[in-house]
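Fold and contact review
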Amino acid sequence: MKRAEQKEKRRQEILNVGLDLLIRKGYAAVRTADIAKEAGISEGLFFHYFATKEKLYLTLLQIAASGKSNIFAAEAESAIRFFEQTAKTVLDYISQQPFAAKLFVLMNRASYDDALPEQAKGFVMRKNDVESAVKRIEQGQKEGDIRSGNATALAIAFFMAIQGIAENIARYPQMPVPQPEWIVDILRRKK
């Protein structure tokens, strides 16, 4: 294995261990020494990869936020198709990558965390993410594919179903993942 590959593998191990500890204990309770010990490295080597615990945390939140922004940037020919693609993409990803499921947990925890570093607050669920989904739901209601009802409440139901599934998969990776269409049926207008 080349040096660059070994370095990237070690970095990923630190991210995995850090993510695990952060979702189990919370930002304030985790120390860099804890992460280093669990990763089987010295604290000095941890600092070679991440200057601070906050840098590790921000990296994890940035990874989660970039995945989320890719989902919201997706184009689809109709609103219902956007939600079908979103559900399939997210559920496939979390079922194949436990790391991704844990990122959902981290983002959820971060939204409640009073100890959250100021810079990290920009990565947690933003109001405009919900507004974007609401606009798509309203579009789908006009198209006749999405059920009538409060668009904000429907967006919350859809995304909280996905959040709950991700959190379950993060804790119990062997559990079955629901079919994407079951989640989309929360929104789908019955014909």
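Note that the structure is predicted; figures quoted are calculated from it, not measured.

Further remarks concern helix 1 (residues 3-25). Compared with an ideal rise of 1.5 Å per residue, which puts 23 residues at 33 Å, helix 1 spans 32 Å between its outermost C-alpha atoms and is within 8% of the ideal. Residues of helix 1 that are buried: Ile14, Leu15, Val17, Gly18, Leu19, Leu21, Leu22 and Ile23.

This part covers the packing of helix 5 (residues 79-96) against helix 6 (residues 98-112). Direction vectors running N to C along helix 5 and helix 6 enclose 115 degrees, while the axes themselves pass 5 Å from each other. By the criterion of interaxial angle, the relationship of helix 5 to helix 6 is roughly perpendicular. Of the residues in helix 6, those in contact with Val90, Tyr93, Ile94 and Gln96 of helix 5 are Pro98, Ala100, Ala101 and Phe104. For the contact of helix 5 with helix 6, the per-class residue count stands at seven nonpolar, one polar and no charged.

What follows deals with the pattern of salt bridges. Counting across every chain of the model gives ten salt bridges. Its salt-bridge partner being arginine 11, residue glutamate 8 comes within 4.0 Å of it at the nearest N-O pair. In this pair, glutamate 8 and arginine 11 are both assigned in helix 1, three residues apart and thus about one turn of the helix distant. The residue arginine 24 makes a salt bridge to aspartate 20 at a minimum N-O spacing of 3.1 Å. In this pair, arginine 24 and aspartate 20 are both assigned in helix 1, four residues apart and thus about one turn of the helix distant. With relative accessibility at 48%, the residue arginine 24 sits in the partly exposed group. Beyond isolated ion pairs, a larger network of salt bridges with shared partners links Glu77, Arg81, Glu84, Asp185 and Arg188.

Here is what the cut-offs are and how they apply
- Residues numbered from 1 in each chain as written.
- Predicted model: local features only at pLDDT ≥ 70, side-chain atom pairs only at ≥ 80, totals over all residues.
- Heavy atoms only, no water.
- Helix = DSSP H or I, 4+ residues; strand = E, 2+ residues; numbered from the N terminus.
- Expected span 1.5 Å × (residues − 1).
- Buried < 20%, exposed > 50% of the residue type's maximum accessible area, 1.4 Å probe, protein only.
- Axes fitted to C-alpha atoms, helices over the stretch in contact; angles between N-to-C directions.
- Parallel < 35°, antiparallel > 145°, perpendicular 65-115°, else oblique.
- Contact = heavy atoms within 4.5 Å.
- Nonpolar A, V, L, I, M, F, W, Y, C, P; charged D, E, K, R; others polar.
- Salt bridge = Lys/Arg side-chain N within 4 Å of Asp/Glu carboxyl O.

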